[in-house]
Amino acid sequence: MRKNSNIDYGEVPETVDDSCDVNPEISVLNAERMDILTNSLSKLPEPYKSVLMLKEYGNLTYAEIASIIGVSLDNVKVLLFRGRQKLKNLYRRDYYNEM
């Protein structure tokens, strides 16, 4: 086992390449879910949307987000928590309306 522990497996890709999917149905479902998520995110009220985008897509820290939008660190945490809850509810509603 120790001999095998030094094996280099190469780089792990940041995103999953759809061409590698063996099952086209899974690719279609993933694309539909991503469209629903994007739609739900667009419906999110602005302070929540900005904070979520900075955190999840920008990979910024809480402190960086607080300085960018001009609020306290605790307020960023609250906005993220509430934004995730609202996004989850919007996604569920949009998902079940689509199906």
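Residues numbered from 1 in each chain as written. Predicted model: local features only at pLDDT ≥ 70, side-chain atom pairs only at ≥ 80, totals over all residues. Heavy atoms only, no water.

Engineer: Can you walk me through a nonpolar patch on the surface in this structure?
Structural biologist: Together, Met 34, Met 53 and Tyr 57 give the surface a local cluster of nonpolar side chains, amounting to about 320 Å² of exposed area. With respect to the helices, strands and loops of the structure, Met 53 is situated in helix H2 (residues 46-57). Look at Met 53 and you get partly exposed, because its relative accessible area is 36%. (Patch = residues over 30% accessible without salt bridge, like charges linked within 9 Å, V, L, I, M, F, W, Y side chains within 5 Å. Areas by Shrake-Rupley, 256 points an atom, 1.4 Å probe, with all protein chains shown as cover. Salt bridge = Lys/Arg side-chain N within 4 Å of Asp/Glu carboxyl O. Helix = DSSP H or I, 4+ residues; strand = E, 2+ residues; numbered from the N terminus. Buried < 20%, exposed > 50% of the residue type's maximum accessible area, 1.4 Å probe, protein only.)

Engineer: Help me understand the nonpolar core, please; the structure alone is not making it clear to me.
Structural biologist: A general trend in soluble globular proteins is that nonpolar side chains are found buried together. Listed in full, the 12 residues of the largest apolar core are Leu 41, Leu 44, Tyr 48, Val 51, Leu 52, Ile 65, Ala 66, Val 76, Leu 79, Leu 80, Leu 87 and Leu 90. Of all the secondary structure elements, the ones that give two or more residues to this core are H2, helix H3 (62-69) and helix H4 (73-98). It is H4 that provides the largest number of residues to this core, a total of 5 residues. Sequence-distant contacts of Ala 66, that is, excluding residues within four places in its chain, are made with Val 71, Ser 72, Leu 73 and Val 76. (Core = buried A, V, L, I, M, F, W, Y, C linked by side-chain atoms within 4.5 Å. Contact = heavy atoms within 4.5 Å.)

Engineer: Is there a simple way to think about the packing of H2 against H4 in this case?
Structural biologist: Think of two packed helices as two axes; the pair is described by the angle between the axes and how far apart they sit. For the pair H2 and H4, interaxial distance at closest approach is 9 Å and the crossing angle is 100°. Classified by the angle between their axes, H2 and H4 sit roughly perpendicular to one another. Contact residues: H2 offers Pro 47, Tyr 48, Val 51, Leu 52, Lys 55 and Glu 56, while H4 offers Val 76, Leu 79, Leu 80, Arg 82, Gly 83, Arg 84, Lys 86 and Leu 87. (Axes fitted to C-alpha atoms, helices over the stretch in contact; angles between N-to-C directions. Parallel < 35°, antiparallel > 145°, perpendicular 65-115°, else oblique.)

Engineer: Just checking my understanding: could you explain the confidence of the model for the chain for this structure?
Structural biologist: In regions of low pLDDT, the predicted coordinates are not meant to be interpreted in detail. Per-residue confidence for the chain gives a mean pLDDT of 83; residues scoring 70 or more make up 77%. Mean pLDDT across the elements of the chain ranges from a minimum in helix H1 (residues 24-43), with 91, to a maximum in H3, with 95. Contacts from residues 1-10, a stretch scored under 50 in pLDDT, to residues over four places away or in other chains number 1 contact. (pLDDT = per-residue confidence, 0-100.)

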